[in-house]
Amino acid sequence: MMDHRAALRLILLSVFLISASSQAVKKKQNVDIYSFYINSTVTSRYATTVITSRVANTLNESQEIQFEVKIPKTAFISKFRMTIEGKTYDGVVKEKQEAQQQYSKAVSRGQSAGLIKSVGRTLEDFKTSVTVAALSKVTFELTYEELLKRRLGKYELLINAQPMQPVADFKMDVHIQEKPGISFLEVKGDLSTGDLANAIKTTRADKDAWVTFYPTRDQQTKCKSCGESGLNGDLLITYDVERRNPKGEVMVSNGYFVHYFAPSDVPRIPKNVVFIIDRSGSMYGRKIDQTRLALLRILSDLDEDDHFGLITFDHLVDTWKRELLKATKQNLENAKSFVKKIREGGTTDINAAVLAGVDMINRHPRVGTASILILLTDGDPTSGETNIERIMANVKKAIGLKFPLYCLGFGHDVNFDFLTKMSLENGGVARRIYEDSDADLQLQGFYDEVAVPLLADIQLKYTGGTNLTKTSFTLYFNGSEIVVSGQITDNSVESFSTEVIAVSKGSSVTYQDTVMIKDPSDVPPENEDFMQRLWAYLTVKQLLERQVLLKGQEKEDEEKEALKLSLKYQFVTPLTSMVVTKPQKDEVEVADKPKEGKEEPEYTQFGYGKVHGHHSSAVAGPSPTICSNCFLLPAAGQSKPLCFDVPVPHKLKLLQDSASEFVMNGESLSGQNGFNQIAFHYKSNHHLIISKQSISYRNGQDDVQILWGQTPTQHDTEGVSLVVHEGQMNVTMGNIRVVILLQKKDQVLFLWPAIWEYPKDVNLTGILGKPNISYEGIEGSQTPTLKIMNKEVETYLETVSDYRLHSTPFRECWHVPFQAVMGGEISDFTVTQL
């Protein structure tokens, strides 16, 4: 989500992929990208980026040429055009329903798909293509806009270039204009290393900075991530502005103003922070390890006048200490010992956990401090109060707007809409933590943003201003920035006043200023409308954010206002679509902005060819098939796992470790999902039989009988641990741990095994014996083909139910035959008895 050291990234990730017919893909490239320009202008933090690519079809026949760029999820596309043989085709932004009707008519004629999808953590992918006549040229031009946010004392501009071939005329120009002056500027990244460093030129003036990057065709092949396909890397520009006036910076232009408020000359407010950590079964493995690591670092960063609390929860809620403790050296050491012992297991009672955190803060009020709740969870509420509306009502009533709640959603199974709404209702924000090797740094990076509160209860007032964006803020943190924009009510007056009222360490502080409207503007004539567009951008963003909190007429009115502004300024937002009409028989494409927090299926690129996943909002065609009884196998270095069917009925060897005398078998039945029974055997005397009704364990001395649905039960003996609670059983035998879930589909119960972390240096066999597998795509193939264990395997994209989690989310996977991943026939994995 973000680098732990860095602030916001403005991603200007420019990718240009060329595709033609399948025959053209197999041939040597027959297109020439003879010009590729990226031009980004940042005026008072408002960035407008134009990507222009000029391409020639060098064949003696027509072919399809594709244009694809990646832009920030927080940006709005505001212009797209294609110019072919002197004729220009402009995209037009329309209300989504109107655009969809036009698109549906095109689809009924067998024409194109949509254009935009989410990819990765911060990007959206814009793509279109057009048929270009023999020996003809096409120019693509895309413009998008975004307001840079300040995080950790910096703005960050990240420009990634990957044109897919060396370009004779490649230019990247960045111009930053900041009225108070630029305090520092740094350029780094892959594209600033080796010979490419010589292609970068930086020029600084007091209020301006220019960065140019003009690599030669030869230089474009010589960076550490470059090659025959040309540039492939990023240029990172980090900067901040001078802050001489604690009252903030106000700019006025053409009847609009923007106020940037970021004082740093105030003392930090001691904080009361409670960490509420999900330790349910789905946090098993790397997630809980990374959470522990991040918490240990965060505890080390607490100041001694801070107070803190730790709460962990699954279906039970545990507090480290009942009260908030001061962050003394001894208390922190004790807290770290507690964190190191956090173990996962159980279901998820979010309601009780958050209310316990609220109660901890409410019972220990401290004057002159700022209180913060931070919730980390990776799933839906599955125990205790599970009704989302009631949970939000309970939390909102308990907090009473006295302090903010920040929700961190770990992974893709979490209900991010729920966390977003609960955060916004309580003065905070939600942030997704991506399951990746740097998840601990993402967690720590978020904490760093809220680590140093400087002001609380901030109210901003503007005499002579109207149509204001948000003017009330719960907390202001060091390194961030409060931004308010609006219109000036009377342009004939010479000045208008600003007033900021806030609380600093329990005392009220006021910042007042008078702004001269008639001051000559520092904005160049070509950028005179940027202030109005900045106001519109921020207004639309905030109106859309508030939609999750509103109901009835108020919700409808604000949605209409956001739509009106989106259409006026031609922004592609969740309420609008861009309609692109092509020259081929009025072929139509529609660009829809993906919903925030939703991850769309990614494309998997095999060389120049691409295998396309199902895209529910864009692709006309059959709906994805749902495989309800498939096993998922993670793939090293790939975004999509493999999946495979296991023929039924069979008694199957699911997992075995001969060295420790461990075996797990399962019995599947015809016409049913999952397993009817699962049996464990460990050493010579431990035997566990799990059915859909009951659980039986014997070890030669004990004979334990457990029913599903009874109160949480735990049994420990001789290296064996059994924990049963609410439709889930955690089985630990030696160093092998398996979770058995009691699932239900179409009112039929079944068992499903899940292994969240495989023991190291153990030779496991069986259907679940592989922790992951490697595959690579075969380029140029007519049908999607993977190379698995040195064999080529035809595949197709399928959507499967992931029964390893109670929420059974759908996952996209490459479906392959059982033999391709198991290296044997089903008969090699069958047993005569459980």
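Residues numbered from 1 in each chain as written. Predicted model: local features only at pLDDT ≥ 70, side-chain atom pairs only at ≥ 80, totals over all residues. Heavy atoms only, no water.

S.K.: When you look at the overall build of the protein in this model, what are you seeing that I'm missing?
M.R.: For the protein, the helix and strand inventory stands at 11 helices and 54 strands. Restricting to contacts in the protein with at least 6 residues of sequence separation, those with at least 24 account for 69%. (Helix = DSSP H or I, 4+ residues; strand = E, 2+ residues; numbered from the N terminus. Contact = heavy atoms within 4.5 Å.)

S.K.: Would you explain the nonpolar core in this entry?
M.R.: Most often, soluble globular proteins have nonpolar side chains that are buried together. Judged by nonpolar contacts, the single largest core of 56 residues is most densely connected at Phe80, Phe140, Leu142, Ile176, Phe213 and Tyr239. Looking at this core, the element that brings in the most residues is strand S2 (residues 31-43), giving five residues. Every residue in contact with isoleucine 176, bar those within four places of it in the chain, is listed here: Val42, Ile182, Leu185, Lys207, Asp208, Ala209, Ile237 and Tyr239. By size, the runner-up hydrophobic cluster in this structure holds 54 residues, among which are Leu722, Ile736, Val793 and Met822. (Core = buried A, V, L, I, M, F, W, Y, C linked by side-chain atoms within 4.5 Å. Buried < 20%, exposed > 50% of the residue type's maximum accessible area, 1.4 Å probe, protein only.)

S.K.: I keep staring at the state of the cysteines and nothing clicks. Help me out?
M.R.: Two cysteines joined by a covalent bond between their sulfur atoms form a disulfide. Taken as a whole, this structure holds one disulfide when the rule is applied. One disulfide bridge connects cysteine 643 with cysteine 813, the sulfur atoms lying 2.1 Å from each other. Given an S-S torsion of about 75 degrees, the disulfide between cysteine 643 and cysteine 813 has right-handed geometry. Of this pair, cysteine 643 sits in strand S38 (residues 642-645) while cysteine 813 is found in strand S54 (residues 810-815), placing the two residues 170 residues apart along the sequence. On the basis of relative accessible area, cysteine 813 is assigned to the buried category, the value being 0%. (Disulfide = S-S within 2.5 Å.)

S.K.: Please clarify how the sheet that holds strand S17 (residues 249-253) should be interpreted in this entry.
M.R.: Remark on secondary structure: sheet strands pair via backbone hydrogen bonds, oriented parallel or antiparallel. The sheet built from four strands is open, its strands ordered S17-S18-S29-S27 with antiparallel pairing. In this open sheet, the two edge strands, each paired with only one partner strand, are S17 and strand S27 (465-466). Of the strands in this sheet, S17, strand S18 (256-261) and strand S29 (482-488) touch helix H9 (residues 530-546), which is tilted by about 65 degrees from S18. (Pairing = 2+ DSSP bridges. Axes fitted to C-alpha atoms, helices over the stretch in contact; angles between N-to-C directions.)

S.K.: Just to check I follow, could you spell out unusual backbone geometry for this structure?
M.R.: Notably, leucine 135 is not glycine yet its phi reads approximately 55 degrees, a positive angle. Checked against the element boundaries, leucine 135 lands in the loop between strand S9 (123-132) and strand S10 (137-147). The backbone phi angle of methionine 164 is positive, close to 75 degrees, even though this residue is not glycine. Along the chain, methionine 164 falls in the loop between strand S11 (155-162) and strand S12 (169-177). When its relative accessible area of 9% is taken as the criterion, methionine 164 is described as buried.

S.K.: How should I be thinking about the side chain of threonine 143 in this particular structure?
M.R.: With respect to the helices, strands and loops of the structure, threonine 143 is situated in strand S10. The exposure class of threonine 143 is buried, given its relative accessible area of 8%. Aside from chain neighbours lying at most four places away, what touches threonine 143 is Thr48, Thr49, Val50, Phe76, Ile77, Ser78 and Lys79.

S.K.: Help me out: how do you make sense of H9 in this one?
M.R.: One turn of the α-helix equals 3.6 residues, which is why residues spaced by three or four share an orientation. Over its 17 residues, H9 extends 24 Å from the first C-alpha to the last, a length consistent with the 24 Å expected when each residue adds 1.5 Å. The element H9 is extensively covered by neighbouring structure, given that 13 of its 17 residues are classed as buried. (Expected span 1.5 Å × (residues − 1).)

S.K.: It is not clear to me how the pattern of salt bridges should be interpreted in this structure. Could you clarify?
M.R.: Any two side chains of opposite charge can pair, on the condition that their charged atoms come close. Across all of its chains, the model carries 33 salt bridges by this definition. Taken together, the salt bridges that share partners define one network made up of Arg45, Arg150, Glu178, Asp240, Arg243, Glu249 and Glu481. (Salt bridge = Lys/Arg side-chain N within 4 Å of Asp/Glu carboxyl O.)

S.K.: Where do I start with the packing of helix H3 (residues 286-301) against helix H8 (residues 439-449) in this structure?
M.R.: Describing two packed helices takes the angle between their axes plus the distance from one axis to the other. Remark: H3 packs on H8, axes separated minimally by 8 Å, with the N-to-C direction vectors making an angle of 30 degrees. When the axes of H3 and H8 are compared, the crossing they make is right-handed. Contact residues: H3 offers Gln290, Thr291, Leu293, Ala294, Arg297, Ile298 and Asp301, while H8 offers Ala439, Asp440, Leu441, Leu443, Gln444, Tyr447 and Asp448. When grouped by side-chain class, the residues that make up the contact of H3 with H8 number seven nonpolar, three polar and four charged. (Left-handed = near helix turned anticlockwise from the far one by under 90°. Nonpolar A, V, L, I, M, F, W, Y, C, P; charged D, E, K, R; others polar.)

S.K.: I would appreciate a short explanation of the sheet that holds strand S50 (residues 775-777) in the present structure.
M.R.: Strand order in the open sheet formed by three strands is S50-S51-S52, with antiparallel pairing between adjacent strands. Of all strands in the sheet, those bounded by a partner on one side alone are S50 and strand S52 (791-794). Across the sheet, the axes of successive neighbouring strands diverge by a mean angle of 35 degrees, strand direction being ignored. Looking at chain direction, strand S51 (residues 785-788) and S52 are connected through four bridges and run antiparallel. When the bridges of S52 are listed, threonine 785 appears paired with glutamate 794.

S.K.: Sorry if this is basic, but what is going on with the side chain of aspartate 802 here?
M.R.: Positionally, aspartate 802 belongs in the loop between strand S53 (796-801) and S54. A distance of 2.9 Å separates polar atoms of two side chains, one belonging to aspartate 802 and the other to arginine 804. (Polar contact = N/O pair within 3.5 Å; in protein donor to acceptor, adjacent residues only side chain to side chain.)

S.K.: Would you mind showing me how to read the packing of helix H6 (residues 388-399) against helix H7 (residues 416-425) here?
M.R.: Between H6 and H7, the least distance of the axes is 10 Å, while the angle of their chain directions is 20 degrees. In terms of orientation, H6 and H7 fall into the roughly parallel class. In the packing of H6 onto H7, the handedness of the crossing is right-handed. Contacts from Ile388, Glu389, Ile391, Met392, Val395 and Lys396 of H6 reach H7 at Phe418, Lys421, Met422 and Glu425. Here the residues of the contact of H6 with H7 sort into six nonpolar, no polar and four charged. (Parallel < 35°, antiparallel > 145°, perpendicular 65-115°, else oblique.)

S.K.: How should the environment of serine 696 be read in this particular structure?
M.R.: Considering the arrangement of structural elements, one finds serine 696 in strand S43 (residues 694-698). C-alpha separation for the pair serine 696 and alanine 679, spaced 17 residues apart in sequence, amounts to 9.6 Å. Apart from the residues lying within four places of it in its own chain, the contact partners of serine 696 are His687, Leu688, Ile689, Asp703, Val704 and Gln705. Only 3.1 Å separates the side chain of serine 696 from the side chain of glutamine 705, close enough to count as a polar contact.

S.K.: For this particular structure, what's the right way to read the packing of aromatic side chains?
M.R.: Within a pair of aromatic rings, the relevant descriptors are the distance that separates the centres and the angle that separates the planes. In the structure shown here, the tally under the stated rule is 29 aromatic pairs. Pairing phenylalanine 261 with tyrosine 476 gives two aromatic rings, centres 6.4 Å apart and planes at 45 degrees, and the pair type is tilted. Of the two residues, phenylalanine 261 is situated in strand S18 and tyrosine 476 in strand S28 (residues 472-477); the sequence distance between them amounts to 215 residues. Accessibility classification places phenylalanine 261 together with tyrosine 476 in one group, the buried group. For the ring pair phenylalanine 750 and tyrosine 803, a centre distance of 4.9 Å and an interplane angle of 80 degrees mean the geometry is edge-to-face. (Phe/Tyr/Trp six-rings, centres within 6.5 Å; stacked < 30°, edge-to-face > 60°.)

S.K.: What am I meant to see in H8 here?
M.R.: In terms of burial, H8 is largely enclosed, as nine of its 11 residues are buried. Buried residues belonging to H8 abut strand S19 (271-278), H3, strand S23 (370-377), strand S24 (405-410), strand S25 (430-433) and S28.

S.K.: Hey, could you run me through the pairing of strand S4 (residues 63-72) in this one?
M.R.: On any regular strand, side chains alternate: one points to one face of the sheet, the next to the other face. The buried fraction of S4 amounts to nine of the 10 residues, a majority that puts the element mostly inside the structure. Relative to S9, S4 runs antiparallel, the two being bridged by 10 bridges. Looking across to S9, one finds that glutamate 68 is bridged to lysine 127.

S.K.: Is there a simple way to explain the confidence of the model for the protein in this structure?
M.R.: On average, residues of the protein score 84 in pLDDT, and 88% of them reach the 70 mark or higher. Counting interchain partners and residues more than four positions distant, the pLDDT-below-50 stretch residues 597-625 has 74 contacts. (pLDDT = per-residue confidence, 0-100.)

S.K.: How should I be thinking about the environment of lysine 745 in this particular structure?
M.R.: Mapped onto the secondary structure, lysine 745 falls in strand S48 (residues 736-745). On the basis of relative accessibility, which here comes to 29%, the residue lysine 745 falls in the partly exposed class. Lysine 745 sits 72 residues away from asparagine 673 along the chain, and the two C-alpha atoms are 7.9 Å apart.

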